[in-house]
Amino acid sequence: MKKKITKGHIVIVAVLILLSLICLYPMWYTLIVSFSDKAYVEGGQVWILPIGFNLKSYGKILEDKVFFNAIWVSVKRVVVGCSVNMLLLILTAYPLCLPGRKFPEGKFFKWFFMVNMLFNGGLIPSYVLMRQYGLFDSFWAMILPGALPVWNMILMMNFFRNVPYELNESAAMDGGNPFQILFRIYVPLSVPSLACLLLFQFVGHWNSYFDGLLYINDVAKQPLQTYIYNLSMVLDFTSMTSEEIISLAETSDKTLNAAKVVVAMVPILCVYPFIQKYFTTGMTLGAVKG
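The sections below set out a description of the structure shown in this document. (Residues numbered from 1 in each chain as written. Predicted model: local features only at pLDDT ≥ 70, side-chain atom pairs only at ≥ 80, totals over all residues. Heavy atoms only, no water.)

A short note on the environment of F139
Within the secondary structure, F139 is located in the loop between α6 (123-132) and α7 (150-161). For F139, a relative accessible area of 18% gives the class buried. Through-space distance from the C-alpha of F139 to that of K221 is 7.2 Å; in sequence the pair is 82 residues apart. Setting aside residues no more than four positions away along its own chain, F139 makes contact with V73, K76, R77 and V80. (Helix = DSSP H or I, 4+ residues; strand = E, 2+ residues; numbered from the N terminus. Buried < 20%, exposed > 50% of the residue type's maximum accessible area, 1.4 Å probe, protein only. Contact = heavy atoms within 4.5 Å.)

If you want it as structure tokens, here you go:
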């Protein structure tokens, strides 16, 4: 039987479409501003479509060789950082998910991680600590301070608790050691949750700029987000050619910042569709304690 469409359904669909447009318009506006001419953007005439189409803002970003080096640093940071994060998350969450009779010390470590998640020394002690460790201008300065994200570790621990403990006992009776049980049983059964947390770590590493700004003084070692943050902050006109000064005059902070956002957003948009099917499952798995 064909379902009758009521006025209420029409109103709900209209409201959802309106909300979708409200959510999508900022992204669309950023895109069209990045492709518009400086004069029209400064005059507030760009609303729906780009006006005075040009690629000057993108050209300013792409013409610098440091840009491509910054991309490589960010890619390397994402690969290494996500690998370290996920490995530590798995190795830490597994023993903490075990029953108290199997790992009595687990309660102490849970409180230890919880206290460290809620309280920290602050920015200045962190800065001094990194200097004392000799990690300034080091790639690892962007990896080690956040190597174990405690909140994600708690999520991972709850995900592992959804794996029936009987599987653990059965594997142990068959002669499996803890590492075999972890990587042959728990990890394969937790792929949705791992993919969800991997996405969180990917976005966090890719979008992070402050640690590169704080700990990395060598421009050649800074990640992409730090590079595009500094792009409009420091302009040395004495080292610019006449063509570069003319190109700079044809761009504005609005078009340049819009181009930055678009460039930084592309990798996330490329990766997200491949992980989307795991996202909902990973978010809900472990949400209910039973």
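A look at the layout of surface pockets
Of the volumes computed, that of the largest pocket is approximately 910 Å³. Of all the secondary-structure elements, those providing two or more residues to the lining of the largest pocket are α4 (65-97), α5 (106-118), α6, α7, α10 (191-207) and α11 (210-215). Looking at the lining of the largest pocket element by element, the count peaks at five residues for α6. When the residues that make up the lining of the largest pocket are grouped by side-chain class, the tally is 23 nonpolar, 11 polar and two charged. (1 Å grid on protein atoms, 1.4 Å probe; cavity = no way out; pocket = protein on both sides within 12 Å on 5 of 7 lines; lining within 4 Å. Points joined across faces, edges and corners; volume = space filled by probe spheres on them. Nonpolar A, V, L, I, M, F, W, Y, C, P; charged D, E, K, R; others polar.)

Here we look at unusual backbone geometry
We note that D137 has phi near 60°; this positive angle belongs to a residue other than glycine. Mapped onto the fold, D137 is located in the loop between α6 and α7.

So, the nonpolar core
By size, the foremost hydrophobic cluster in this structure holds 26 residues, and its most contacted members are Y94, C97, M156, F160, L182 and Y186. At the level of elements, α4, α7, α8 (165-173), α9 (178-189) and α10 are the ones that each hand at least two residues to this core. If we skip the residues at most four places from it in the chain, L182 touches I90, L91, Y94, F160, V187 and P188. Residues Y58, I61, F202 and I228 belong to the second largest nonpolar core, which totals 17 residues. (Core = buried A, V, L, I, M, F, W, Y, C linked by side-chain atoms within 4.5 Å.)

Brief notes about the packing of aromatic side chains
Taken as a whole and assessed by the stated rule, the structure comprises 16 aromatic pairs. Ring geometry for F67 and F68: centres 5.3 Å apart, planes at 80°, overall edge-to-face. Under the relative-accessibility criterion, F68 is labelled partly exposed at 48%. Aromatic ring contacts, followed pair by pair, group F103, F108, F109, F112 and F113 into a single cluster. Positioned above the aromatic ring of F139 is the side chain of K76, whose terminal nitrogen or guanidinium carbon lies 4.9 Å from the ring centre. Lying over the aromatic face of F136, R131 brings its terminal NZ or CZ to 4.5 Å of the ring centre. (Phe/Tyr/Trp six-rings, centres within 6.5 Å; stacked < 30°, edge-to-face > 60°. Lys NZ or Arg CZ within 6 Å of the ring centre and 35° of its normal.)

Re the packing of α5 against α7
Interhelical geometry of α5 versus α7 gives an angle of 145° and a closest axis separation of 9 Å. Here K110, F113, M114 and M117 of α5 lie close against α7, whose contacting residues are V150, W151, M153, I154, M157 and R161. Of the residues in the contact of α5 with α7, the class split is eight nonpolar, no polar and two charged. (Axes fitted to C-alpha atoms, helices over the stretch in contact; angles between N-to-C directions.)

Notes on the pattern of salt bridges
Under the criterion given, the structure shown has two salt bridges. R77 is the partner of D211 in a salt bridge, and the nearest nitrogen-oxygen pair spans 2.6 Å. With a gap of 134 residues between them, D211 in helix α11 and R77 in helix α4 connect regions that are remote in the sequence. Given the relative accessible area of 14%, D211 is considered buried. For R77, a relative accessible area of 3% gives the class buried. Notably, a salt bridge pairs R101 with E169, separated by 3.8 Å at the nearest N-O pair. Of this pair, R101 sits in the loop between α4 and α5 while E169 sits in helix α8, placing them 68 residues apart in sequence. (Salt bridge = Lys/Arg side-chain N within 4 Å of Asp/Glu carboxyl O.)

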